[in-house]
Amino acid sequence: MAAAAAVGAAPPRVLSAEPRRDPVAVRLSPWQPGSRVRASRPRQENVLHGQLISTKSNSRSLLCPPCHCAQMALANTRIAYQPDVDKHSGVLAYELVQGSLVQWNSFMDKSIPDPPTAVLLHGILGSRKNWGSFAKRLAQEFPMWQFLLVDLRCHGDSASIKKRGPHTVASTALDVLKLIVQLRLTPRVLVGHSFGGKVALSMVEQAAKPLARPVRVWVLDATPGKVRAGGDGEDHPAELIESLRRMPTQVSSKKEVVDALVKEKYSVDVAQWVATNLRRSSPLGSLSSSSFSWMFDLNGISDMYKSYEETNLWGIVENVPRGVHINFLKAERSLHRWALEDLQRIHTAEELAADEGGGVEMHVLKDAGHWVHADNPDGLFRILSSTFRIEATIRGMQN
């Protein structure tokens with residue numbers, strides 16, 4: 001969940017049955033050693049129906065307005081795509097951020113293995129842009145990796161891709177699995193924030209078995225089961241979604257939305273962040289008054305959040321498949337999301353997984369609230385980097 005909050009006051013309702021699981025032969029697997037990848041200068045290359053972002057060295061810290069995401073961005077990043085190319089695959093809108101040593105795209109000879117890939121998933125009311133600067137920083141530090149950023153159903157550019165209901169955690173995970181198949185990727189790492197964390201767990205649960213190994217999953221500030229309400233003074237996502245649904249579909253300015261949400265007692269940070277989901281609907285320089293419209297499908301998102309509240313994925317955590325390693329990251333200042341029962345069950349799962357050849361691990365990110373990649377990006381980078389260094393060591397041993 002991207003908002004700095006937990007469960008709203010609205011009572012959950014029973015959703016219709018989960019979608020039938022298609023026999024998607026998804027390979028969540030290690031990169032098979034192939035021909036040596038040679039270093040080269042960033043190139044101008046288009047990935048059809050998506051965006052390919054190539055990175056090169058040199059970085060500096062930026063403050064990303066208006067959501068105040070103090071993250072690392074690349075000074076010399078070159079974004080290689082044509083503006084008139086569709087930004088979606090027909091399944092989901094996505095971007096593929098590649099390190100400078102990656103020389104691969106999904107249209108190459110199928111015999112050429114894809115490089116090690118990580119999938120980054122946003123939360124409710126977010127978009128792939130939430131991970132943009134962070135992914136570029138990872139690509140600079142780990143130049144042989146590529147990072148797939150997606151707009152989940154009903155969000156961002158994927159909102160224009162009509163999806164059948166039910167809009168659930170499971171159907172959202174299936175969308176991402178289908179995209180991975182279409183792009184011929186074999187991800188080794190799945191990272192999901194809040195709602196996206198449950199989506200990552202559901203991907204592991206639904207993917208064709210037996211899974212190739214290893215797969216490392218990061219669930220950022222979310223538990224596998226019950227979503228607990230925030231306390232007084234905290235923003236409640238379910239209530240925020242309902243507030244947005246009461247607003248007009250078009251507004252004259254982003255400030256109009258910010259002022260309206262602040263008036264309803266939401267924090268300024270949350271109001272400004274929500275306003276980043278507005279897109280100008282009247283041309284710049286138009287003689288008519290300017291207008292903005294939402295980039296998401298709030299009806300679908302409402303169903304998705306209710307599914308997030310109700311979905312129970314403790315089963316995959318307490319019976320981790322061999323070769324799957326699940327990491328939970330708890331934000332230090334997000335205490336309302338974590339009950340003592342949750343922590344005890346995760347610690348018990350750690351012991352069981354070790355005996356069964358899998359892995360479960362608990363981490364705490366200091367000095368961070370629920371928006372972990374905005375509140376403490378450096379701390380999050382240090383914690384996540386351990387995964388990519390471990391994978392590099394394993395790959396070196398295989399070679």
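Provided above is the structure to which this section pertains.
Fair warning: this is a prediction, and the values are worked out from it, not measured in the lab.

Criteria and thresholds
Residues numbered from 1 in each chain as written. Predicted model: local features only at pLDDT ≥ 70, side-chain atom pairs only at ≥ 80, totals over all residues. Heavy atoms only, no water. Helix = DSSP H or I, 4+ residues; strand = E, 2+ residues; numbered from the N terminus. Expected span 1.5 Å × (residues − 1). Buried < 20%, exposed > 50% of the residue type's maximum accessible area, 1.4 Å probe, protein only. Contact = heavy atoms within 4.5 Å. Polar contact = N/O pair within 3.5 Å; in protein donor to acceptor, adjacent residues only side chain to side chain.

### Some words on the environment of G379
Now for step 1: Inspection of the secondary structure puts G379 in helix α11 (residues 377–398).
Now for step 2: Sequence separation between G379 and A368 is eleven residues; the distance between their C-alpha atoms is 8.9 Å.

### A closer look at helix α2 (residues 169–183)
Now for step 1: Between its terminal C-alpha atoms α2 stretches 22 Å, which fits the 21 Å expected from 15 residues at 1.5 Å a residue.
Now for step 2: The buried count for α2 comes to twelve of 15 residues, which makes it a mostly enclosed element.
Now for step 3: Tucked into the core, α2 has its buried residues touching β5 (93–98), β6 (117–121), β7 (146–151), α3 (195–206) and α7 (298–310).
Now for step 4: Among the residues of α2, the N-terminal cap falls to T168, whose side-chain oxygen and the backbone nitrogen of A170 are separated by 3.4 Å.

### Looking at unusual backbone geometry
With glycine set apart, most residues show a phi of negative sign, and most peptide bonds adopt trans.
Now for step 1: Geometrically, the link from G165 to P166 is a cis peptide bond, its omega value of 0 degrees lying close to zero.
Now for step 2: One can find P166 in the loop between β7 and α2.
Now for step 3: Despite not being glycine, D221 shows a phi value in the positive range, around 50 degrees.
Now for step 4: Inspection of the secondary structure assignment puts D221 in the loop between β9 (215–220) and α4 (237–245).
Now for step 5: The exposure class of D221 is buried, given its relative accessible area of 0%.

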